[in-house]
Amino acid sequence: MRKVVLLVLACCLPTLSLFAQSELAKKIEQAYTRFATDEQMQYASISLTVLDAQTGEVLFAKNEMQGLAPASTLKTITSATALYLLGPNFTFNTSLAYTGSISKEGILSGDIIILGSGDPSLGSWRYNQGTAAVLTQWLNAIKQAGIKHIQGKVVGCDSLYGAQITPDGWIWQDIGNYYGAGATSLSWHENQLDVYLKPGAKVGDLVKLTKIDPAYPYLQFINEIKTGPAGSGDKVYAYAAPYSSVVYLRGTYGIDWVKPISPAIPDPAFDAAYRLADTLRTAGIALSEAPTTWRRMQEHQPSTLPSYQVIHTINSPKLTDLVFWFNRKSINLYGENLLKALALNAGKPAVTQAGAEVVKNFWKNKLDIDPYSLNISDGSGLSPANRVSTLSMAKILQSLKKESWFASYYESLPTYNGMKMKSGSIADVLAYAGYQRSASGKELVFAFMINNYHGNTPLAKKKMYALLDQLK
């Protein structure tokens, strides 16, 4: 009798499983219909794909083949590709070297060179090795090399990634701000600086610049910021082209706001050289020439890099640690540097488009994903020209679960609405992609994008969360 009961139960299990799946799909379908007919979505393009995270089976899909702007959810693909192709233990290295010779008296007849290899974390405060710690290491290395005086200069060498540090298609309103900082092979302090402001006495008054930390005497800041009403927050944008010496600050700053703003450093390689030169002078090691970059030197007299002697190397945190902050805090700079690193790793020029092709070709070969469904223009999702299908993104996320580094990848995703997922947001674009376990215990993977919604953004997010709640 017991065998008969077990047999009956075994026969029923597939039916029960299918029933549970159909119930889940039904819940999602009803929520999707409510969402798609909402007034805020009247002119929006909407796409949602939900897969079984174990098998890859499509549990729900609407407009899954449609290419939409993914915003920062594109970071899930860039970081996964980097982990596959570069390896979880990959590190960047930045070398300190000198050219010329050192006399017995400790006089260097040559230059100090900082050789960048693309590390976006050099001097970052996130790893207990900020700018002060790096400068101290460099100073100590120079002293240990016996250098007491420099008949030359400090040179920041950022030639590895070329002179175009922002991808084509990035908008003017973004590239002067920390989140639009350029991807140079010699980054410094995540290529951002802090400006402290004090609002005026009343709305409309000019805001006062109280402090720039640290000081940037070689930059001119033109302040056009007006005081905004209480509750309006920070609506300030910095406008500066790469390598520019002028930074325009425009917009409004709430009368009750107290946080600093963070423009991008227009020339990170020069700033790294400038800070080291200043550190050396403070320590009593004089230089005969002003700091510069290899790029600037080439503008006047193109030549090959002279022979040099490396005296110190700083290795970046391993890739899994970089990916943690890349996804968790959505640092666009990391994505663009990783994309160029992927291009170099494939033997291609370190340019954005070459890296994008590496990403598309990899997923074509690995999962047979149509490259046209990954129409990407950068590595971070900041470009409004990116177009990705939710089906392709969900398939990529589903494929990662069997990898040895998946636990660290999963941990890199933020938690929103009680769900482990990466968010994305640019003008009139909202997106989420990640993983969720349903009430029945089924592991799910999803990608959800909306383009061209209108109205209040927090309200639109709340409505997206309500739909995603059906996956719980």
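Residues numbered from 1 in each chain as written. Predicted model: local features only at pLDDT ≥ 70, side-chain atom pairs only at ≥ 80, totals over all residues. Heavy atoms only, no water.

### Focus: the overall build of the chain
Scanning the chain from N- to C-terminus turns up 12 helices and 22 strands. Considering only C-alpha atoms, the chain reaches an extent of 95 × 60 × 35 Å along its principal axes. Residues classed as buried in the chain amount to 51% of the 472 residues present. Here the contacts in the chain between residues at least 6 apart in sequence split such that 71% fall between residues at least 24 apart. (Helix = DSSP H or I, 4+ residues; strand = E, 2+ residues; numbered from the N terminus. Buried < 20%, exposed > 50% of the residue type's maximum accessible area, 1.4 Å probe, protein only. Contact = heavy atoms within 4.5 Å.)

### Looking at the packing of helix H2 (residues 74–86) against helix H8 (residues 332–345)
One can describe the packing of H2 onto H8 by two numbers: an axis separation of 10 Å at closest approach and a directional angle of 40°. On the basis of the axis angle, H2 is oblique to H8. Judged by the sense of rotation from one axis to the other, the crossing of H2 with H8 is left-handed. Where H2 abuts H8, its residues Lys75, Thr78, Thr81, Ala82, Leu85 and Leu86 lie against Asn332, Gly335, Leu338, Ala341, Leu342 and Asn345. When its residues are assigned to classes, the contact of H2 with H8 shows six nonpolar, five polar and one charged. (Axes fitted to C-alpha atoms, helices over the stretch in contact; angles between N-to-C directions. Parallel < 35°, antiparallel > 145°, perpendicular 65-115°, else oblique. Left-handed = near helix turned anticlockwise from the far one by under 90°. Nonpolar A, V, L, I, M, F, W, Y, C, P; charged D, E, K, R; others polar.)

### What about the packing of H8 against helix H9 (residues 352–367)?
Their axes nearest at 7 Å, the elements H8 and H9 cross at an angle of 75°. Relative to H9, the element H8 is oriented roughly perpendicular. Counting all contacts with H8, which are made through Glu336, Leu339, Lys340, Leu342 and Ala343, the residues of H9 involved are Thr352, Ala354, Gly355, Ala356, Val358 and Val359.

### Here's the deal with helix H3 (residues 131–144)
For H3, built from 14 residues, the straight-helix expectation of 20 Å at 1.5 Å per residue is met to within 8% by its first-to-last C-alpha distance of 20 Å. Here H3 has its buried residues at Val134, Leu135, Trp138, Leu139, Ala141 and Ile142. Taken end-on, H3 shows its buried residues confined to a sector of 160°, consistent with a single buried face. Exposed and oriented more than 90 degrees from the buried face of H3 are Ala132 and Gln144. (Expected span 1.5 Å × (residues − 1). Arc of directions from axis to C-beta.)

### Considering the pattern of salt bridges
Under the criterion given, the structure shown has 18 salt bridges. One salt bridge in this structure joins Arg295 and Asp267, with 2.4 Å as the shortest N-O distance. One end of the pair, Arg295, is in helix H6 (residues 294–300); the other, Asp267, is in the loop between strand S13 (246–254) and helix H5 (268–282), and 28 residues separate them in sequence. Owing to a relative accessible area of 14%, Arg295 belongs among the buried residues under this scheme. According to the relative accessible area criterion, Asp267 is buried, its value standing at 3%. Taken together, the shared-partner salt bridges in this structure form one network comprising Asp158, Asp267, Arg295 and Arg296. (Salt bridge = Lys/Arg side-chain N within 4 Å of Asp/Glu carboxyl O.)

### Section: the nonpolar core
In terms of nonpolar packing, the biggest core is built from 50 residues, with Ile77, Trp363, Leu400 and Tyr409 touching the most fellow members. For this core, the secondary structure elements donating two or more residues are H2, helix H7 (319–328), H8, H9, helix H10 (390–399), helix H11 (406–412), strand S21 (429–437) and strand S22 (443–451). If you tally residues by element for this core, the top one is H2, at seven residues. Grouped together as the second largest cluster of nonpolar side chains are 27 residues, Tyr32, Met41, Phe60 and Leu467 included. (Core = buried A, V, L, I, M, F, W, Y, C linked by side-chain atoms within 4.5 Å.)

### Let's talk about the sheet that holds strand S7 (residues 149–150)
Pairing within the open sheet is mixed, and its four strands lie in the order S4-S5-S7-S14. Single-partner strands in this sheet number two, and they are strand S4 (101–102) and strand S14 (286–287). (Pairing = 2+ DSSP bridges.)

### As for the sheet that holds S13
The sheet built from three strands is open, its strands ordered S11-S13-S12 with mixed pairing. Only two strands of the sheet have a single partner each, and these edge strands are strand S11 (220–228) and strand S12 (234–239). Strand-to-strand twist across the sheet, computed as the mean angle between neighbouring axes with direction ignored, equals 10°. Relative to S13, S11 runs parallel, the two being bridged by nine bridges. Looking across to S13, one finds that Gln220 is bridged to Val246.

### Description of the packing of aromatic side chains
Evaluation of the coordinates by the stated rule reveals 22 aromatic pairs. Ring geometry for Tyr84 versus Trp363: centroids 5.6 Å apart, planes at 80°, classification edge-to-face. With Tyr84 in helix H2 and Trp363 in helix H9, this residue pair connects regions lying 279 residues apart in the sequence. An identical accessibility class is assigned to Tyr84 and Trp363; each is buried. Between Phe362 and Trp363, the ring centres sit 4.8 Å apart and the planes meet at 80°, which makes this aromatic pair edge-to-face. Taking relative accessible area as the criterion, Phe362 reaches 15% and is therefore assigned buried. By relative accessible area, Trp363 is classed as buried at 0%. A network of ring pairs unites the aromatic residues Tyr84, Phe362, Trp363, Trp405, Phe406, Tyr409, Tyr410 and Tyr435 as a single cluster. Just above the ring of Tyr243 sits the side chain of Arg295; from NZ or CZ to the centre is 3.8 Å. (Phe/Tyr/Trp six-rings, centres within 6.5 Å; stacked < 30°, edge-to-face > 60°. Lys NZ or Arg CZ within 6 Å of the ring centre and 35° of its normal.)

### Re the confidence of the model for the chain
Looking at the chain, pLDDT values average 95 and 96% of them are 70 or higher. Across residues 1–20, where pLDDT falls below 50, the model places zero contacts with residues more than four positions away in sequence or in other chains. (pLDDT = per-residue confidence, 0-100.)

### Focus: unusual backbone geometry
The omega angle of the peptide bond from Asp213 to Pro214 is -10°, so this bond is cis rather than trans. Note that Pro214 resides in the loop between strand S10 (208–213) and S11. Here the phi dihedral of Asn63 falls at roughly 55°; this positive angle occurs in a residue that is not glycine. Taking relative accessible area as the criterion, Asn63 reaches 39% and is therefore assigned partly exposed.

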